[in-house]
Amino acid sequence: MQPLPPATHLLYLHGFRSSPQSMKAQKVAARVQERHPAVHWWCPQLPPSPREAMALVEDGIAGWPRDRMAVVGSSLGGFYATHVAEATGCRAVLLNPAVDPARDLSNYIGEQTAWHDPQQRFYFAPSFVDELRVLEHGAAAHPENYFAVIAKGDEVLDWREMTGRYPGARIKLLEAGDHALSDFDAHIGEVFAFLHLA
């Protein structure tokens, strides 16, 4: 299979209770602006409904060239990024990706606060669990298009589940670390090398 050409469009998908204000989203945005100013960058605020979130994303990338786009996703955003990559065939970077959010987030039904602004509240409805199940995929069709950064020290997700979810993909397994990938600066160079931006 021919390698994908340099990406001209980059999508970033944040995690549960997160936002475009997340540390990793901000660092990726800054690096795109600084080193790849011609690349079209989009990091939308995702609604709590998975169905609405993916409808927003699909509408936003409808005109993007499939062979010249890439996606980065963190935690729940990694689950969403997998859906986008499977639907489009684009390359994807996954940062501590959620593997079974329908199971995990069933414990969070009810009112939630936004991570970066506790004044912002949203309701995670029981129906959202079913919406997550609709977005589940089997093994990746093109595992060579995936690069996952996974921390054994993740306090939210099990690193064994994360690594087992992506057989054949390139995986950087960190011996320690945390869910937020607080040491993201140490990995952003490899992330961008894999994204192969124009």
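A quick note: this is a predicted structure, and the numbers were derived from the prediction, not measured.

A tally of regular secondary structure across the protein gives seven helices and eight strands. Relative to a compact globule of 198 residues, whose C-alpha radius of gyration would be 16 Å, the protein shows 16 Å and is just as compact. Along the first, second and third principal axes, the C-alpha set of the protein runs to 45 × 35 × 30 Å. The 198 residues of the protein split such that 49% are buried. Restricting the contact set of the protein to residue pairs at least 6 apart, pairs at least 24 apart contribute 68%. Counting every atom, the protein has about 9,200 Å² of accessible surface; 52% of that belongs to carbon and sulfur.

Moving on to the pattern of salt bridges. Under the criterion given, the structure shown has 12 salt bridges. The partner of lysine 27 in a salt bridge is aspartate 185, and the shortest N-O contact between them spans 3.1 Å. Taken as a pair, lysine 27 in helix 1 (residues 23-35) and aspartate 185 in the loop between strand 8 (170-174) and helix 7 (188-195) lie far apart in primary sequence, 158 residues in all. Overall, the relative accessible area of 54% leaves aspartate 185 in the exposed class. Here arginine 103 and aspartate 100 are joined by a salt bridge, their closest N and O atoms 3.8 Å apart.

Our next topic: the environment of glutamate 34. One can find glutamate 34 in helix 1. Residue classification places glutamate 34 among the exposed positions, given a relative accessible area of 60%. On a C-alpha basis, the gap between glutamate 34 and phenylalanine 192 in space is 12 Å, while along the polypeptide they are 158 residues apart.

Quick look at the nonpolar core now. Ranked by internal contacts, the top residues of the largest apolar core, which has 37 residues, are Leu13, Tyr80 and Val84. Only strand 1 (9-13), helix 2 (50-60), strand 3 (69-74), helix 3 (76-88), strand 4 (91-95), strand 6 (121-124), helix 5 (127-134) and strand 7 (146-151) provide two or more residues apiece to this core. No other element matches helix 3, which puts six residues into this core. Once residues lying within four places of it in the same chain are set aside, the contact partners of valine 84 are Leu11, Leu13, Met54, Val57, Ile61, Met69, Val71, Gly89 and Cys90. By size, the runner-up hydrophobic cluster in this structure holds 24 residues, among which are Tyr12, Ala25, Leu95 and Leu181.

Backbone-to-backbone hydrogen bonds pair the strands of a sheet. The strands run either parallel or antiparallel. In spatial order, the strands read 2-1-3-4-7-8; together these six strands make up an open sheet with parallel pairing. Strand pairing shows two members of the sheet lacking a second neighbour, strand 2 (40-42) and strand 8, which therefore form its edges. Averaged over neighbouring strand pairs, the angle between their axes works out to 10° when direction is ignored. Relative to strand 8, strand 7 is paired through five bridges, and the arrangement is parallel. Directly across from alanine 151, in strand 8, lies its bridge partner leucine 174. Docked against the sheet, helix 3 engages strand 1, strand 3, strand 4 and strand 7, running at close to 155° with respect to strand 3. Taken strand by strand, helix 7 contacts strand 1, strand 3, strand 4, strand 7 and strand 8, and its axis lies near 160° from that of strand 4.

The rules behind these values
Positions within a chain are numbered from 1, following the residues in the order the chain's sequence is written. Reporting in this predicted model follows two pLDDT cut-offs: at least 70 for local features of residues, and 80 or more for side-chain atom pairs to be given and counted; totals over whole chains, interfaces and linings ignore these cut-offs and use all residues. Only hydrogens and water are removed before side-chain values are computed, so all heavy atoms of the structure are retained for them. What counts as a helix is a DSSP run of H or I of at least four residues, what counts as a strand is a run of E of at least two, and both are numbered from the N terminus. With C-alpha atoms as the basis for the radius of gyration, the globule rule is written as 2.2 Å multiplied by the number of residues raised to the power 0.38. Note on classification: 1.4 Å probe, protein chains only; a residue is buried when its accessible area is under 20% of the maximum for its type, exposed when over 50%, partly exposed between these limits. In this description, contact between two residues means that some pair of their heavy atoms is separated by no more than 4.5 Å. Computed by Shrake-Rupley with a 1.4 Å probe, the accessible areas treat only the displayed protein chains as cover when residues are assessed. Put simply, a salt bridge is a Lys or Arg side-chain nitrogen that is within 4 Å of an Asp or Glu carboxyl oxygen. In these notes, a set of buried Ala, Val, Leu, Ile, Met, Phe, Trp, Tyr and Cys residues joined through side-chain atoms within 4.5 Å is what counts as a nonpolar core. At least two DSSP bridges between two strands are required for those strands to pair. All axes here are fitted lines through C-alpha atoms, helices being fitted over the stretch that makes contact, and every angle between N-to-C directions spans 0 to 180 degrees.

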